[in-house]
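# Descriptive structure summary
Chain by chain, the residues run as shown.
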Amino acid sequence: MEKTLIDTNEKLKELLIHLGISERIFYHASKMDVSIVRLFKEKIINNYSLKTLDEVTKNLLGVYGNFIATCYFRALYDDVKNEVPIKDKTGKVITKADISYLDNSGMLNYCEVKAAHQIIDNIRNYVDLDDVKTGSYEDKDNEIIKYKNIGKKLITQVKKLSSTKKKVNVIIFKGCYVDDVIKRKLNELNANTMTIMVDINELETEIIRKIMNIKQFLNMNTIININDENVLKKR
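Quick caveat: nothing in here was measured; it's all calculated off a predicted structure.

## Some remarks on the overall build of the protein chain
Counting its regular elements, the protein chain contains seven helices and 10 strands. Seen through its C-alpha atoms, the protein chain measures out along the principal axes to roughly 60 × 50 × 35 Å. Burial statistics for the protein chain: of 235 residues in total, 42% are counted as buried. Just so you have it, the protein chain exposes about 13300 Å², and 49% of that area is on carbon and sulfur atoms. Computed over 39 positive and 33 negative side-chain charges, the inter-centroid distance for the protein chain is 4 Å.

## Side note on the packing of helix H1 (residues 9–18) against helix H3 (residues 36–45)
Between H1 and H3, the least distance of the axes is 9 Å, while the angle of their chain directions is 90 degrees. In terms of orientation, H1 lies roughly perpendicular with respect to H3. Here Asn 9, Leu 12, Lys 13 and Leu 16 of H1 come into contact with H3, specifically with Ile 36, Val 37, Phe 40, Lys 41 and Ile 45. Grouping the amino acids of the contact of H1 with H3 by side-chain chemistry returns six nonpolar, one polar and two charged.

## Points about helix H7 (residues 200–221)
Across its 22 residues, H7 extends 31 Å between first and last C-alpha, which sits within 8% of the 32 Å expected from 1.5 Å per residue. The set of residues buried in H7 consists of Ile 200, Leu 203, Ile 207, Lys 210, Ile 211, Ile 214, Lys 215, Leu 218 and Asn 221. The arc that holds the buried residues of H7, viewed along the axis, is 165 degrees, so those residues lie on one side. Residues of H7 that are exposed and angled more than 90 degrees away from the buried face: Glu 202, Thr 205 and Met 220. Between the side-chain oxygen of the N-cap and the backbone nitrogen of Asn 201 there are 2.8 Å, and the N-cap of H7 in question is Asp 199.

## Remarks on the pattern of salt bridges
Taken as a whole and judged by the stated rule, the model has nine salt bridges. The shortest N-O distance in the salt bridge between Glu 55 and Lys 51 comes to 2.7 Å. With Glu 55 and Lys 51 both in helix H4 (residues 50–74) and four residues apart, this pair spans about one turn of that helix. Where Asp 79 meets Lys 81, a salt bridge forms, and the shortest distance between an N and an O atom there is 3.9 Å. Here the residues in one salt-bridge network are Lys 43, Lys 51 and Glu 55, joined through shared partners.

The rules behind these values
- Residues numbered from 1 in each chain as written.
- Predicted model: local features only at pLDDT ≥ 70, side-chain atom pairs only at ≥ 80, totals over all residues.
- Heavy atoms only, no water.
- Helix = DSSP H or I, 4+ residues; strand = E, 2+ residues; numbered from the N terminus.
- Buried < 20%, exposed > 50% of the residue type's maximum accessible area, 1.4 Å probe, protein only.
- Areas by Shrake-Rupley, 256 points an atom, 1.4 Å probe, with all protein chains shown as cover.
- Lys, Arg positive; Asp, Glu negative; His and termini not counted.
- Charge placed at Lys NZ, Arg CZ, Asp CG, Glu CD.
- Axes fitted to C-alpha atoms, helices over the stretch in contact; angles between N-to-C directions.
- Parallel < 35°, antiparallel > 145°, perpendicular 65-115°, else oblique.
- Contact = heavy atoms within 4.5 Å.
- Nonpolar A, V, L, I, M, F, W, Y, C, P; charged D, E, K, R; others polar.
- Expected span 1.5 Å × (residues − 1).
- Arc of directions from axis to C-beta.
- Polar contact = N/O pair within 3.5 Å; in protein donor to acceptor, adjacent residues only side chain to side chain.
- Salt bridge = Lys/Arg side-chain N within 4 Å of Asp/Glu carboxyl O.

Written out as structure tokens, the structure reads:
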């Protein structure tokens, strides 16, 4: 069977949409400054490994999580916005809120969305999701550091959002484990934690399945030759 030539970013985008990543996800990703085309081109097509698969999965999990949360709030409230600039007293933008909305009392809410399996403060609170009782965390170092960094960044972000004196919500998903230290810190910052009942494990599994199906299709059915970015990869 003759293979399809993909020689522009736009053609690659059209193919990715055809293969199951919707235009709405592309639009939402653009608001988050995430280029799905670049992710696939650089991490899946041109330089595939388990590490790059994890990077693409992480980015898409963030996009899908933010999109799902946005849809959830749009079904409940008016004036839902994404990537809202947060300014300090001098007018300098210090961060952006993932989502903002006006609740039923007219109060402005800022939301930080975390599409993660765990949000922890230290190694003692890590939960081995594989349930492998080895007595050592040595083989889990990178994973633990990842979840600790998520916790650290979350608290830093919530502090910035809380400085506005608006209501702050942390949005997580079903199956996400948040340790007691993070919960206490969020409580001290008067941040409300909300759980959307979409299972984070199932969402990640579906995203990985989608990525691998796309990778297989590209390998079997296309020739990628996008000269405008000096990418030449034949299948």
